[in-house]
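# Working through the structure, step by step
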Amino acid sequence: MTTLVTAPAELPDAFLRAFNARDMEAIDSLFEPGAVRVLTPGEVVTGEGRRDATRSFMSLGIPMKLTVRHCYEYDDLALLLCDYLIKGVKPDGTSVLHEGTATDVVRRGADGSWRYAIDNPPGTDRESAKP
């Protein structure tokens with residue numbers, strides 16, 4: 001399933017719907033083919049590594065909440081700052097809490113749809129920043 005997103009600020013909502021539905025195909029359609037994901041500052045993956053990172057969060061089985069804080073658009077590029085929260089209890093009783101402010105770079109393609117080029121969930125996290 002291909003999801004066409006015609007405004008950059010709408011991309012996180014499309015991601016959220018696909019994530020909470022555990023639809024990896026829909027999520028993948030929201031990324032450029034060579035898009036990268038930052039696992040921790042300085043550690044970047046692409047391709048199957050990017051998909052594996054997303055699958056690991058989806059496997060928690062806990063819905064994500066996601067709010068766009070800012071969207072700065074220039075021509076065919078945009079910078080998104082989004083607050084996210086994955087909080088709950090896994091089926092085995094383990095408590096889960098992942099939260100932060102992602103900083104993502106998105107680009108409008110030739111088809112007019114916006115897609116992630118750089119997915120940076122750690123975003124503004126100073127705790128995990130490497131010197």
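Residues numbered from 1 in each chain as written. Predicted model: local features only at pLDDT ≥ 70, side-chain atom pairs only at ≥ 80, totals over all residues. Heavy atoms only, no water.

### Description of the environment of Val 36
Relative to the assigned elements, Val 36 resides in strand β1 (residues 31-40). Sequence separation between Val 36 and Ala 14 is 22 residues; the distance between their C-alpha atoms is 18 Å. In contact with Val 36, not counting residues within four places along its chain, are Val 44, Val 45, Thr 46, Arg 50, Ala 117, Ile 118 and Asp 119. (Helix = DSSP H or I, 4+ residues; strand = E, 2+ residues; numbered from the N terminus. Contact = heavy atoms within 4.5 Å.)

### Some points on the pattern of salt bridges
Two side chains with opposite charge may pair up if their charged atoms get near one another. Applying the stated criterion across every chain, the model contains 11 salt bridges. Here Arg 37 and Asp 119 are joined by a salt bridge, their closest N and O atoms 3.9 Å apart. Placement of the pair is Arg 37 in strand β1 and Asp 119 in strand β6 (residues 114-119), with a sequence separation of 82 residues. For the salt bridge of Arg 69 with Asp 83, the shortest nitrogen-to-oxygen distance reads 2.7 Å. With a gap of 14 residues between them, Arg 69 in strand β3 (residues 64-74) and Asp 83 in strand β4 (residues 77-89) connect regions that are remote in the sequence. Owing to a relative accessible area of 45%, Arg 69 belongs among the partly exposed residues under this scheme. Take Asp 83: its relative accessible area is 26%, and that puts it in the partly exposed class. Each of the salt bridges in this network shares a partner with another, and the network as a whole consists of Asp 28, Glu 48, Arg 50, Arg 51, Asp 52 and Arg 55. (Salt bridge = Lys/Arg side-chain N within 4 Å of Asp/Glu carboxyl O. Buried < 20%, exposed > 50% of the residue type's maximum accessible area, 1.4 Å probe, protein only.)

### Digging into the UniProt feature "domain: DUF4440" (unreviewed entry) in the chain
UniProt records the feature "domain: DUF4440" (unreviewed entry) at residues 13-115, using the numbering of this structure. Structurally, residues 13-115 is divided into 23% helix and 52% strand, and its ends, taken at the C-alpha atoms, are 12 Å apart. (UniProt positions renumbered as here; feature names shortened; annotations may be inferred.)

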